[in-house]
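Residue-level listing of the chains:
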Protein chains: 2
Amino acid sequence: MNSFEKGSLTGIKVLDMTRVLSGPYCGMMLADMGADVIKLEMPGYGDDSRHYGPFRKDEEGNDVSAYFSSINRNKRSVTLNLKKPEAQEIFKRLAAGVDIVIENFRPGTMKKMGIDYDVIREINPRIIYASISGFGQNGPYAGRAAYDGIVQAMGGVMSITGPKGGKPVKVGTSIGDIIAGMFCAYGILAAYINLQKTGKGQYVDVAMLDCQVAILENAISRYLASGKIPHPTGNTHTSIFPFETFETATADIMIAAGNNSLWKKLCAVLDMPELGEDVRFAENPDRDRNHDEMFELLSERLRLRDGEEWVKLLDEAGVPCSLINTMDRVLENEQLKARSMFIDIEHPGVGTEKLIGIPIKMGDTPGSIRKAAPDLGEDTRKVLREYAGLTDSEMDALESEGVI
Amino acid sequence: MNSFEKGSLTGIKVLDMTRVLSGPYCGMMLADMGADVIKLEMPGYGDDSRHYGPFRKDEEGNDVSAYFSSINRNKRSVTLNLKKPEAQEIFKRLAAGVDIVIENFRPGTMKKMGIDYDVIREINPRIIYASISGFGQNGPYAGRAAYDGIVQAMGGVMSITGPKGGKPVKVGTSIGDIIAGMFCAYGILAAYINLQKTGKGQYVDVAMLDCQVAILENAISRYLASGKIPHPTGNTHTSIFPFETFETATADIMIAAGNNSLWKKLCAVLDMPELGEDVRFAENPDRDRNHDEMFELLSERLRLRDGEEWVKLLDEAGVPCSLINTMDRVLENEQLKARSMFIDIEHPGVGTEKLIGIPIKMGDTPGSIRKAAPDLGEDTRKVLREYAGLTDSEMDALESEGVI
């Protein structure tokens with residue numbers, strides 16, 4: 001069962017044909033809020049990310065991908081080989097009864113299989129049909145394959161990320177995919193609100209590259225206004241001083257003294273009150289102009305003690321700061337625990353599994369993590385019986401032909 | 001006028017009290033889809049980001065922040081000094097007639113002003129009231145100030161971003177703020193869908209820190225499954241080879257040869273077909289094991305020609321690749337142009353302004369950029385007359401008292 005009475009999106013049905021990351025992330029956002037997300041996968045193989053390590057073993061000794069599990073909770077799995085005409089017919093029957101379709105194949109693939117938007121809207125004019133692709137459904141790059149690293153490089157975010165004066169680096173998490181999944185989920189809900197008003201569905205087309213550009217923020221407005229090309233600036237802030245990482249006796253820490261009062265507090269914690277009164281560093285523009293000198297003075301003192309000690313003292317004084325938390329520390333963070341950002345869930349046959357919680361806390365219809373990621377085809381029979389009206393003997397035949 | 005007949009969210013009214021980035025980004029996402037977003041600002045000063053450079057001059061010689069303009073298009077501006085009791089009463093009248101309130105003050109501030117969710121829900125039980133904060137409305141860090149750089153460090157993304165073997169760096173764009181704004185916009189629409197079903201509004205609480213953790217993706221699942229702490233890996237992929245940046249005679253380029261066929265194509269473009277047949281590099285695991293050798297061989301050849309030439313040749317052969325585009329190149333990218341990702345708009349008194357387009361392309365009710373960011377208080381009189389029933393003489397008095 002996948003029912004969830006109190007979710008914001010309970011009752012909304014989604015056919016999710018997506019693989020790996022951008023689409024599955026989008027599907028997860030819908031499922032977390034209560035939608036019934038039916039993941040369609042290739043028989044025998046499934047989502048490519050089922051084959052990405054590291055793995056845990058289930059009771060029968062099969063590999064279960066921790067990566068797959070992390071972004072496919074709350075979904076159901078149905079196997080359907082969409083290259084086969086019988087499967088395409090079944091897909092149409094399913095699409096007639098759902099609200100939303102999501103796919104992230106290369107543009108043109110759905111048309112080749114005869115189940116593109118123009119076909120499905122004839123069957124179900126209320127359908128919201130969303131496509132995520134690397135470069136979008138039109139334009140000179142539409143047919144190209146995309147990877148996260150490529151769109152990060154092409155979209156500009158990489159050119160402004162990296163050590164000061166050094167070479168650009170990509171963002172350590174796949175924001176090329178994730179941001180696209182997030183924008184798509186938002187677009188789907190906007191389309192759903194319009195559907196409730198007008199009774200009409202529509203097509204939603206999201207490109208990873210476009211989404212990278214949509215998060216460039218001040219880099220692009222600075223360039224447009226000044227003509228100066230932004231490059232990596234390390235961990236410094238462009239207009240607040242001090243706001244950067246410092247070495248300590250142990251780990252580096254990030255300190256952000258955003259105004260004069262915080263600057264004085266910082267100097268007091270470092271037991272350098274005279275610095276807080278020093279005219280060379282009195283105002284933010286002074287701290288900008290005399291930055292290197294300030295940085296040296298602060299660094300010299302900060303190197304004398306452990307990072308953790310400094311963070312404790314700075315926290316007590318109300319100076320914004322943090323260790324650069326690695327994953328082990330993130331998982332132990334008391335604030336994240338208080339916010340239920342790590343959820344233990346039972347994965348049948350595998351054991352307890354820790355998943356990242358839902359970052360949207362809603363008072364009345366909160367999101368929920370109701371079940372672990374599905375085994376491949378776990379819900380095939382039930383869903384095809386209910387939504388496509390297939391009998392067990394029909395399904396036996398389809399299974400033997402490799403259709404389901 | 002702010003009417004937009006065909007937007008998905010046309011007819012939805014939003015009171016937006018947010019400043020700087022996370023909240024304004026959220027408000028922009030709603031406004032882009034057609035919502036009427038009324039930005040409430042402090043008389044005489046407005047959103048802090050109005051004072052962030054670089055600036056353009058308007059006809060009267062006033063500074064107009066390019067940064068502010070970039071994230072406040074499509075909104076209206078009303079001045080209201082919410083520290084004054086009269087302003088709080090006006091706020092309540094406005095809140096009675098809108099669907100959504102967004103704020104990003106430090107937790108507790110709205111309560112201090114007597115206009116927190118518990119008060120507003122009594123006036124308007126249908127209200128969706130969303131708060132974005134650094135750490136959320138509960139937990140031991142709730143009262144702390146947050147900055148983008150701090151939550152990037154605390155939330156883990158920084159620990160996995162940076163040169164291989166080098167120190168962590170923060171992401172060059174403010175994803176601490178932007179991701180929180182995006183999740184909040186999604187949560188608001190989910191709440192709105194529930195409102196249409198149940199007639200009940202609710203509270204939505206989004207923390208920047210939580211949102212950073214929600215995008216960690218495989219870093220956290222890898223750590224949980226393997227116990228190994230992930231560190232920066234530069235521009236390499238963890239499981240596909242080659243997938244990284246290479247030096248050329250000019251600029252560095254990113255190349256992603258995701259499978260054996262692409263590997264052979266890459267070798268052919270480099271005029272090294274023998275490498276494509278070399279058993280040391282035959283399969284992905286071979287290219288992993290003999291990575292350094294492969295990297296040297298490829299690099300040696302790639303350094304012989306310009307980056308742009310290589311990209312052209314690789315594109316023609318269908319090998320995913322890209323220059324690491326700086327902002328000037330991003331703005332000239334032909335695919336982004338074909339996708340309408342840069343929009344020229346007339347900013348009254350300032351001239352033509354280029355803004356980033358909307359990354360969600362909708363077939364029937366597309367988003368739109370209808371107007372430039374508002375001048376401070378540009379819509380005060382009109383909105384307070386319409387939505388709060390104030391007369392001109394009442395507003396004259398309020399203005400002289402610094403309330404509006």
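Since we're looking at a predicted model, the values are computed, not measured.

Calculation criteria
Residues numbered from 1 in each chain as written. Chains lettered and ligands numbered in written order. Predicted model: local features only at pLDDT ≥ 70, side-chain atom pairs only at ≥ 80, totals over all residues. Heavy atoms only, no water. Buried < 20%, exposed > 50% of the residue type's maximum accessible area, 1.4 Å probe, protein only. Helix = DSSP H or I, 4+ residues; strand = E, 2+ residues; numbered from the N terminus. Pairing = 2+ DSSP bridges. Axes fitted to C-alpha atoms, helices over the stretch in contact; angles between N-to-C directions. Parallel < 35°, antiparallel > 145°, perpendicular 65-115°, else oblique. Left-handed = near helix turned anticlockwise from the far one by under 90°. Contact = heavy atoms within 4.5 Å. Nonpolar A, V, L, I, M, F, W, Y, C, P; charged D, E, K, R; others polar. Least-squares fit on C-alpha atoms with pLDDT ≥ 70 in both. Buried area = accessible area lost by both parts, 1.4 Å probe. Salt bridge = Lys/Arg side-chain N within 4 Å of Asp/Glu carboxyl O.

Caption draft 1: Seen up close, the pairing of strand S2 (residues 36–41) of chain A. All names here are of chain A. Buried residues dominate S2, accounting for six of its six residues. The two faces of S2 match: Asp-36, Ile-38 and Leu-40 on one face and Val-37, Lys-39 and Glu-41 on the other face are all buried. As paired strands, strand S1 (residues 13–16) and S2 are joined by four bridges and run parallel to one another. Following the sheet pairing, Lys-13 is matched in S2 by Asp-36. By the bridge criterion, five bridges tie S2 to strand S5 (residues 75–79) in an arrangement that is parallel. For Glu-41, the partnering residue across the bridge sits in S5 and is Thr-79.

Caption draft 2: Representation of the packing of helix H7 (residues 175–198) of chain A against helix H7 (residues 175–198) of chain B. Two numbers describe how H7(A) lies on H7(B): the axes approach to 10 Å, and their chain directions differ by 25°. With respect to H7(B), the axis of H7(A) lies roughly parallel. When the axes of H7(A) and H7(B) are compared, the crossing they make is left-handed. Counting all contacts with H7(A), which are made through A:Ile179, A:Met182, A:Phe183, A:Ala185, A:Tyr186, A:Leu189, A:Ala190, A:Tyr192, A:Ile193 and A:Gln196, the residues of H7(B) involved are B:Ile179, B:Met182, B:Phe183, B:Ala185, B:Tyr186, B:Leu189, B:Ala190, B:Tyr192, B:Ile193 and B:Gln196. Split into classes, the residues belonging to the contact of H7(A) with H7(B) amount to 18 nonpolar, two polar and no charged.

Caption draft 3: Representation of the relation of the copies chain B and chain A within the structure. The transform that puts chain B on chain A rotates by 180° and translates by 0.0 Å along the axis, for an RMSD of 0.0 Å. Here the transformation between the copies is reduced to the relation of a two-fold axis. Across chain B, the smallest distance between a C-alpha and the rotation axis is recorded for B:Tyr186, namely 2.6 Å. Looking at the interface residues of chain B, 100% of them are also at the interface in chain A, so both copies use one shared face.

Caption draft 4: Inspection of the interface of chain B and chain A at higher detail. Listed per partner, the contact involves 129 residues of chain B and 129 residues of chain A. A per-residue breakdown of the area chain B buries against chain A is headed by B:Tyr186, B:Glu217 and B:Met327, which together make up 8% of the total. Here chain B is connected to chain A by twelve salt bridges. The partner of B:Asp364 in a salt bridge is A:Lys200, with the nearest N and O atoms 3.5 Å apart. Counting residues per element, the side of chain B that touches chain A draws most heavily on H7(B), at 16 residues. Partitioned by chemical class, the residues of the side of chain B that touches chain A number 75 nonpolar, 36 polar and 18 charged. Here strand S8 (residues 202–207) of chain A runs beside strand S14 (residues 360–362) of chain B; their pairing, made up of three bridges, is antiparallel. If you follow A:Val204 over to S14(B), its bridge partner there is B:Met362.

Caption draft 5: Inspection of the environment of A:Met154 at higher detail. With respect to the element layout, A:Met154 can be found in helix H6 (residues 148–155). Residue classification places A:Met154 among the buried residues on the basis of a relative accessible area of 4%. For the pair formed by A:Met154 and A:Ile369, sequence separation is 215 residues and the distance between their alpha carbons is 35 Å. Ignoring any residue separated from it by four or fewer positions in sequence, one finds A:Met154 in contact with A:Phe135, A:Tyr141, A:Arg144, A:Leu209, B:Cys321, B:Ser322, B:Leu323, B:Asn325, B:Val330 and B:Asn333.

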